[in-house]
Amino acid sequence: MEIPAPLRLRVDRDALVSNWQALDRLSGAAACGAAVKANGYGLGARLVAETLAKAGCRDFFVANWAEAQGLAPLGLTLSVLHGLRAEDLPAARAGFARPVLSTPQQIARWRDSGGGVCDVMVDTGMNRLGVSVQAVRDGLLEGLTIETLISHLACADEDVPMNGHQREAFASLKGRTGARRMSLANSAGIGLGAEYHFDLTRPGLALYGGLPRPDMAGHLRQVAWPEAQILQRRLVPAGETVGYNATWTAPADTEVAILNLGYADGYRRALSGLGAAVADGESLPVLGRVSMDLLAVDVTTRPDLAEGDWLAMDYDLATASAASGVSQYELLTGLAPRFARA
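All of these numbers come straight from a predicted model, not from anything done at the bench.

### Re the UniProt feature "binding site: substrate" (unreviewed entry) in the chain
When the UniProt feature table is mapped to this numbering, "binding site: substrate" (unreviewed entry) covers Arg-128 and Met-292. Considering the C-alpha atoms alone, the annotated residues occupy 165 residues of sequence and remain spread out, their largest mutual distance being 33.9 Å. With respect to the helices, strands and loops of the structure, Arg-128 is situated in the loop between strand 7 (117-123) and strand 8 (131-132). Apart from residues lying up to four places away in sequence, Arg-128 is in contact with Asp-123 and His-152. Here Met-292 is to be found in the loop between strand 17 (282-287) and strand 18 (295-298). Judged by relative accessible area, Met-292 falls into the partly exposed class, the value being 45%.

Okay, here's the thing in structure tokens:
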């Protein structure tokens, strides 16, 4: 028996496509790929990948081989950013994705297993994944068939000297590896300008309506709209309180809707008293603390709303992040499985 979920995550596919097209334009001569790791940043990897593939995207990036396997039936060009453990060899040899090799051990493992087309991650200063620039110069990658040489910017959302240092270190490897393409820019890196684009950009956050840099605001649209059903409508008399620790007191008789949504669903407790639902463009403030599975909103101005009706939450990522102190990435990827993706 299939029980309809009382929560749904509405994904605006038109906005998703619009964002990718905008990032593709901003990428100039470089191709524009898509990071669809972490279940498409919480929106549903299959939904996102299918939508963007139809729009013209040709390069997709996931974190691990389980994520790649889930998308394999779509026949996409997939790269696995976390490389190649010994346990991953059977999946890698199956050929439905390319490993992004990031250590000398992974490179040896790939060669010893028969080799083939791969990608390689180079560390240009982030000190996360990747082989060193010097190791590449010393010939570590000789003999590999490399589709894309990749690095990752640490501070692209800020205008700091480190961006230029990383770009210069990466550019110094041009022509040294036989790689068909080079890729450095993430979402924010696209906004740094053409010298950071190389051959392929790899946006993530910006695809999904996040704002990686203020100067990119005019190009991006909101994609994710959490929606919840009203479980109860009630009158809270003046002077009474709502929710845990009685943090909100009704200044006057207030009509309140209790929604089937809480921090267990990824609607963060940090949005207590700061978030809002939206009905026909009207903002309905969240009242008091966000609970694990419930929250309250003021519906005094909307006598038409009743038990069983659906409300969308105002989930502009940049605004919610600034209000709550929670990163845009966490606001997206934390949206829980209890949402039906639509």
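### Considering the packing of aromatic side chains
Counting across every chain of the model gives 5 aromatic pairs. Considering the side-chain rings of Phe-170 and Phe-198, the 5.1 Å spacing of their centres and the 75° angle between planes classify their relative orientation as edge-to-face. Remark: Phe-198 occurs in the loop between helix 9 (187-190) and strand 11 (200-201) and Phe-170 occurs in helix 8 (residues 161-171); sequence separation between them is 28 residues. What makes Phe-170 buried here is its relative accessible area of 0%. With a relative accessible area of 22%, Phe-198 lands in the partly exposed category.

### Comments concerning the environment of Arg-85
For Arg-85, the position within the fold is in the loop between strand 5 (78-80) and helix 5 (89-94). By relative accessible area, which is 46% here, Arg-85 ends up partly exposed.

### Here we look at the pattern of salt bridges
Counted under the stated rule, the structure contains 21 salt bridges. Here Arg-181 makes a salt bridge to Glu-147, at a shortest N to O gap of 3.3 Å. Of this pair, Arg-181 sits in strand 10 (residues 181-183) while Glu-147 sits in strand 9 (residues 145-150), placing them 34 residues apart in sequence. Between Glu-168 and Arg-167 there is a salt bridge, with the nearest N and O atoms lying 3.7 Å from each other. The buried category is assigned to Arg-167, whose relative accessible area is 17%. Within the structure, one salt-bridge network assembled from shared partners comprises Asp-59, Glu-147, Arg-180 and Arg-181.

### Let's talk about the UniProt feature "modified residue: N6-(pyridoxal phosphate)lysine" (unreviewed entry) in the chain
Residues annotated in UniProt with the feature "modified residue: N6-(pyridoxal phosphate)lysine" (unreviewed entry) correspond here to Lys-37. Checked against the element boundaries, Lys-37 lands in helix 2 (residues 37-41). Leave out the neighbours within four places in its chain, and Lys-37 touches Phe-61, Val-62, Ala-63, Glu-67 and Leu-81.

### Focus on the packing of helix 1 (residues 13-26) against helix 3 (residues 45-55)
The N-to-C vectors of helix 1 and helix 3 enclose an angle of 55°; their axes lie 10 Å apart at closest approach. When the axis of helix 1 is compared with that of helix 3, the two are oblique. When you trace helix 1 past helix 3, the crossing you get is right-handed. For the pair formed by helix 1 and helix 3, the contact residues are Arg-13, Leu-16, Val-17 and Trp-20 on the first element and Leu-47, Val-48, Thr-51, Leu-52 and Ala-55 on the second. For the contact of helix 1 with helix 3, the class distribution of residues is 7 nonpolar, 1 polar and 1 charged.

Cut-off values and rules
- Residues numbered from 1 in each chain as written.
- Predicted model: local features only at pLDDT ≥ 70, side-chain atom pairs only at ≥ 80, totals over all residues.
- Heavy atoms only, no water.
- UniProt positions renumbered as here; feature names shortened; annotations may be inferred.
- Helix = DSSP H or I, 4+ residues; strand = E, 2+ residues; numbered from the N terminus.
- Contact = heavy atoms within 4.5 Å.
- Buried < 20%, exposed > 50% of the residue type's maximum accessible area, 1.4 Å probe, protein only.
- Phe/Tyr/Trp six-rings, centres within 6.5 Å; stacked < 30°, edge-to-face > 60°.
- Salt bridge = Lys/Arg side-chain N within 4 Å of Asp/Glu carboxyl O.
- Axes fitted to C-alpha atoms, helices over the stretch in contact; angles between N-to-C directions.
- Parallel < 35°, antiparallel > 145°, perpendicular 65-115°, else oblique.
- Left-handed = near helix turned anticlockwise from the far one by under 90°.
- Nonpolar A, V, L, I, M, F, W, Y, C, P; charged D, E, K, R; others polar.

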